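# Reading the structure
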Amino acid sequence: MNITEVRIRLVKKDEGKLKAVASVTIDNCFVVHDVKIIEGTDDYFIAMPSKKTPEGEYKDIVHPLNSETRALLKDAILAEFKKAREAAAVENAQ
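Report follows, based on the coordinates. (Residues numbered from 1 in each chain as written. Predicted model: local features only at pLDDT ≥ 70, side-chain atom pairs only at ≥ 80, totals over all residues. Heavy atoms only, no water.)

## Description of the overall build of the protein
Helix and strand content of the protein: 1 helix and 6 strands. Secondary structure elements in the protein, listed N-terminal to C-terminal, are β-β-β-β-β-β-α. If you line up the protein on its principal axes, its C-alpha atoms span 45 × 35 × 25 Å. Considering only contacts in the protein between residues 6 or more positions apart, those separated by 24 or more positions represent 32%. (Helix = DSSP H or I, 4+ residues; strand = E, 2+ residues; numbered from the N terminus. Contact = heavy atoms within 4.5 Å.)

Right under this line is the structure:
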């Protein structure tokens, strides 16, 4: 599996824990939208797209099947998130 593109949309309001939303393209043929980037107590983490069940629980719509794939996704998404935040900081400083 090759992650061929990661697009980041930063959240404009900085008051909540949700900091950005990512779209990930895999092998130039499959896209996963709405991967959330959330600020945790120690670091950022990703949350897969989910939907609310009639019982009020949230269930992932799509998710990796093993820890290696989750780490690959997390590392790629958070690297692009860091770049997007740095670019936004430079833009806001001007």
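Additional details are given in the paragraphs that follow.
## Here's the deal with the nonpolar core
Proteins that are soluble and globular tend to have nonpolar side chains buried together. In terms of nonpolar packing, the biggest core is built from 17 residues, with I8, V35, I37, I46, I77 and F81 touching the most fellow members. Contributing elements (two or more residues each) for this core: β1 (3–10), β2 (18–26), β3 (30–39), β4 (44–47) and α1 (67–93). In terms of residue count, the dominant contributor to this core is α1 (5 residues). Apart from the residues within four sequence positions on either side, F81 is in contact with I8, L10, K19, A20, I37 and Y44. (Core = buried A, V, L, I, M, F, W, Y, C linked by side-chain atoms within 4.5 Å. Buried < 20%, exposed > 50% of the residue type's maximum accessible area, 1.4 Å probe, protein only.)

## Quick notes on the pattern of salt bridges
Counted by the stated rule, this structure contains 5 salt bridges. With a shortest N-O distance of 3.5 Å, K19 and E39 are connected by a salt bridge. A residue pair is termed long-range when its members are at least 10 positions apart, and K19 in strand β2 and E39 in strand β3 qualify at 20 residues. By relative accessible area, which is 32% here, E39 ends up partly exposed. The residue E80 makes a salt bridge to K83 at a minimum N-O spacing of 3.2 Å. (Salt bridge = Lys/Arg side-chain N within 4 Å of Asp/Glu carboxyl O.)

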